[in-house]
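Architecture at a glance
Each chain is listed here by its residues.
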Amino acid sequence: FFPPFLPLSFRVKLFVITMGISFLSILLVSLAFIGHDLYTFQTNITADLQSVTDIVADHTAAAVSFGIGFDGDAESTLSNLAVSKYIISADIILRDGTHFASYANSLLIDEPALADDSLFHRTIQSTIEYDEEIYGRLIVEANLRPFVLKRVRIQIAAALAIALISMAISFCNAHLKVDGAPSD
């Protein structure tokens, strides 16, 4: 099956197989942790976006109910979304469908448009209510792609480093006796 593997001694074959299985198992466990972390990261970011959207909708409710749009409180409140690195845009749409106020992140606006069903794109909506009357809705769009990809790259590098370090430790342990003298 592996011709270069045949002339090796049984001890070396056993060592290579053990190291390969160890490396693969550590790599698979690391990938499982990365997958779990990505899932929880996206769940937490979505919850964070929903909280931010609800807070901004509450803060713009008075401005929307009194019609203070472009030069007033609504635009000012939406501009506070600039502190979020992943929010692309936010729009206040009145209940009759007219556009009331908007915000666009100038740093992320040039990013390619993503489909709504994309893994990295989130669209969050919240109703704008004042005195128990609904005046419209706030729509916030976010692009998580740069943050998720950076996080994945770091985690994959860490997983590979852990796997290689564990292999190096196993290699050293396999070639040293208990008392520290090299084995034959």
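Look up a bit, the structure's there.
Residues numbered from 1 in each chain as written. Predicted model: local features only at pLDDT ≥ 70, side-chain atom pairs only at ≥ 80, totals over all residues. Heavy atoms only, no water.

**A short note on the pattern of salt bridges**
We count it as follows: Should a side-chain nitrogen of Lys or Arg be within 4 Å of a carboxyl oxygen of Asp or Glu, the pair is scored as a salt bridge. The secondary structure listing takes helices from DSSP runs of H or I that are at least 4 residues long and strands from runs of E that are at least 2 residues long, numbered from the N terminus.
A full pass over the atoms with the stated rule returns 2 salt bridges. The salt bridge partner of Arg-151 is Asp-37, with a shortest N-O separation of 2.8 Å. Linking Arg-151 in helix α3 (residues 145-174) with Asp-37 in helix α1 (residues 10-66), this pair joins segments that are 114 residues apart in sequence. The partner of Arg-95 in a salt bridge is Glu-133, with the nearest N and O atoms 3.2 Å apart. Of this pair, Arg-95 sits in the loop between β1 (87-94) and β2 (99-104) while Glu-133 sits in strand β4 (residues 133-143); the two residues are 38 residues apart in sequence, bridging distant segments of the chain.

**Some remarks on the nonpolar core**
The following threshold applies: Among buried residues, the Ala, Val, Leu, Ile, Met, Phe, Trp, Tyr and Cys ones that are joined through side-chain atoms within 4.5 Å form a nonpolar core. Categorising residues by exposure relies on relative accessible area from a 1.4 Å probe, with only protein chains included: less than 20% of the type maximum marks a residue as buried, more than 50% marks it as exposed, and the intermediate range marks it as partly exposed. In what follows, a contact means two residues having at least one pair of non-hydrogen atoms within 4.5 Å.
Core analysis: the biggest nonpolar cluster contains 28 residues, and Leu-49, Leu-78, Ile-92 and Leu-138 have the highest contact counts within it. Elements with a contribution of two residues or more to this core: α1, α2 (73-79), β1, β2, β3 (121-130), β4 and α3. Tallying contributions element by element places α1 first for this core, with 8 residues. Those residues within four positions of Leu-49 in sequence are excluded, and the remaining contacts are Tyr-86, Ile-87, Arg-122, Ile-124, Val-140 and Ala-142.

**Comments concerning the packing of aromatic side chains**
Going by this rule: Paired rings are identified among Phe, Tyr and Trp, the last through its six-membered ring, by centres lying within 6.5 Å, and are further divided according to the angle between planes into stacked (under 30 degrees), edge-to-face (over 60) and tilted (the rest). Here, a charge over a ring is recorded when the distance from Lys NZ or Arg CZ to the ring centre is within 6 Å and its angle to the ring normal is within 35 degrees.
Tallied over the full model, the rule gives 1 aromatic pair. Ring centres 6.0 Å apart and planes at 80° place the aromatic pair Tyr-86 and Phe-147 in the edge-to-face group. One end of the pair, Tyr-86, is in the loop between α2 and β1; the other, Phe-147, is in helix α3, and 61 residues separate them in sequence. Of the residues examined, Tyr-86 reaches a relative accessible area of 13% and is grouped as buried. Since its relative accessible area comes to 27%, Phe-147 is described here as partly exposed. The cationic tip of Arg-95 hangs over the ring face of Tyr-135; the distance from NZ or CZ to the ring centre is 5.4 Å.

**Some details on the sheet that holds β3**
Under the convention used in this document: Any two strands with at least two DSSP-identified bridges between them are counted as paired. To obtain an axis, a line is fitted to C-alpha atoms, over the contacting stretch when the element is a helix, and the angle between two such axes runs from 0 to 180 degrees between their N-to-C directions.
Spatially, the 4 strands line up as an open sheet ordered β2-β1-β4-β3, and their pairing is antiparallel. Lying at the two open borders of the sheet, with one neighbouring strand each, are β2 and β3. Looking at each pair of strands side by side, their axes are set apart by 15° on average, direction ignored. Pairing of β1 with β2 involves 5 bridges; the strand directions are antiparallel. Counterpart to Asp-91 in the pairing with β2 is Ser-102.

**Observations concerning the environment of Ser-65**
The residue Ser-65 is located in helix α1 in this model. In this structure, the C-alpha to C-alpha distance between Ser-65 and Ile-134, residues 69 residues apart in sequence, is 9.0 Å. In contact with Ser-65, other than residues within four places in its own chain, are Tyr-130 and Tyr-135.

**Regarding the environment of Ala-158**
Structurally, the position occupied by Ala-158 is in helix α3. A residue is classified by how much of its surface remains accessible, and Ala-158, at 35% relative accessible area, is partly exposed. Once the C-alpha coordinates of Ala-158 and Ser-30 are considered, the two residues, 128 residues apart in sequence, prove to be 8.7 Å apart.

**Remarks on the side chain of Ser-89**
Looking at the element boundaries, Ser-89 is found in strand β1. What makes Ser-89 buried here is its relative accessible area of 13%. Leaving out residues up to four positions away in the same chain, Ser-89 has contacts with Tyr-103, Ala-104, Ile-139, Val-140 and Glu-141.

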